[in-house]
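Spelled out from the first residue to the last, the chains are:
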Amino acid sequence: MKIRAVVRGVGHYLPERIVENAEFESRLETSDEWIRARTGIERRHFAAEGETTSQLAIKAAQAALLDAELTANDIDAIVVATSTPDFTFPSVATMVQAGIGSTRGYAYDVQAVCAGFIFALTNANGLIISGQAERVLVIGAETFSRIMDWDDRGTCVLFGDGAGALVLEAATGPGHTADRGILATDLHSDGRYRDLLYVDGGVSSTGTAGHLRMQGNAVFKHAVQKLAETAHTALAKVGLSGGDVDWIVPHQANLRIIAATAERMQVPMDRVVVTVQDHGNTSAASIPLALSVGRDRGQIKTGDLIVTEAIGGGLAWGAVVLRW
């Protein structure tokens, strides 16, 4: 028998304010048609003034706990993936711990930008299979609207705010690919590509939050190649291939990247969960958001084999194979 980290519950939260593409037309040389054609994005959500990453994360966590029929004190650990924390410290995760009313366990953040949830999920899986935790709340939460340069039409139209959460629980299975839970993970990073996607501020450099900067064409090329490769590698670790996959749940950055990656994996688009049109790129929040929405839509069902993959600044990228 083998210990697996099985999804017990899922939930998400999106800020109330919805920003359609047309809102950018009055102050940028852009259009709804231009944004849709190049990204697939139609709208996104922006946090309200004073609404923080931890507040989004708390609401997503509460939704996931409700779905799992668990209380906050049933959770042993909280791992939050974010690049837009409320403060330099303490971690968003500890604020979530207090916000949901948990008085036990431990909590910490993981920072791998858009790949953050993949890294957090892999980390949580390690906690469970090593026996350090029985139940882990894994959250991706971002307020990227706080680090946008509103004069840069190449980036500010791409991103949105939101949060998604999973509750992982230890369970035993015979050790086959038919087991529910996380079956394989694959992580990578390469710091030589830092200048392709970064924020031009920080505590020890400028003392400011800074703004997001991106070389879009270069990131696109790396994304398509690296996402397909990491997904294939993760599947191969357990003797599976693209033909075995029920759903790809990718990082929701750009519809063209999503489609090109699916093509490389030889998986048709009707087996890809796509939410980028409604959320934009929510960085570390995009995968748990897509998992929650996909489940709510009736796409993702118990027993489905899912591959989820992401790439972000660093560069950092990876994939997780799990059976829902």
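Anything mentioned here points back to the structure above.
Calculation criteria
Residues numbered from 1 in each chain as written. Predicted model: local features only at pLDDT ≥ 70, side-chain atom pairs only at ≥ 80, totals over all residues. Heavy atoms only, no water. Disulfide = S-S within 2.5 Å. Axes fitted to C-alpha atoms, helices over the stretch in contact; angles between N-to-C directions. Helix = DSSP H or I, 4+ residues; strand = E, 2+ residues; numbered from the N terminus. Parallel < 35°, antiparallel > 145°, perpendicular 65-115°, else oblique. Left-handed = near helix turned anticlockwise from the far one by under 90°. Contact = heavy atoms within 4.5 Å. Nonpolar A, V, L, I, M, F, W, Y, C, P; charged D, E, K, R; others polar. Salt bridge = Lys/Arg side-chain N within 4 Å of Asp/Glu carboxyl O. Buried < 20%, exposed > 50% of the residue type's maximum accessible area, 1.4 Å probe, protein only.

**Q** I'd love a proper account of the state of the cysteines, names of residues and values included.
**A** Across all of its chains, the model carries zero disulfides by this definition. Its sulfur unpaired, Cys114 is 16 Å from the next cysteine sulfur, which belongs to Cys156.

**Q** Report on the packing of helix α6 (residues 216-236) against helix α7 (residues 255-264), specifying residues and quantitative values.
**A** The geometry of α6 relative to α7 is characterised by a closest axis approach of 9 Å and an angle of 40 degrees between their N-to-C directions. As summarised for this structure, α6 and α7 are arranged oblique, according to the angle between their axes. The interaxial crossing formed by α6 with α7 has right-handed handedness. Contacts from Phe220, Ala223, Val224, Gln225, Leu227, Ala228 and His232 of α6 reach α7 at Arg256, Ile257, Ala260, Thr261 and Arg264. Looking at the contact of α6 with α7 residue by residue, the class counts come to seven nonpolar, three polar and two charged.

**Q** I'd like a description of the pattern of salt bridges, backed by residues and values.
**A** For the structure shown, the criterion picks out 17 salt bridges. Note that Asp179 is salt-bridged to Arg4, the shortest N-O span being 3.0 Å. Here Asp179 is found in the loop between β7 (161-173) and β8 (181-189), whereas its partner Arg4 is found in strand β1 (residues 2-13), with 175 residues between them in sequence. For the pair shown, Asp179 and Arg4 are each scored as buried. If you follow the salt bridges from partner to partner, you end up with Glu20, Asp32, Arg36, Glu42, Arg43 and Asp278 in one network.

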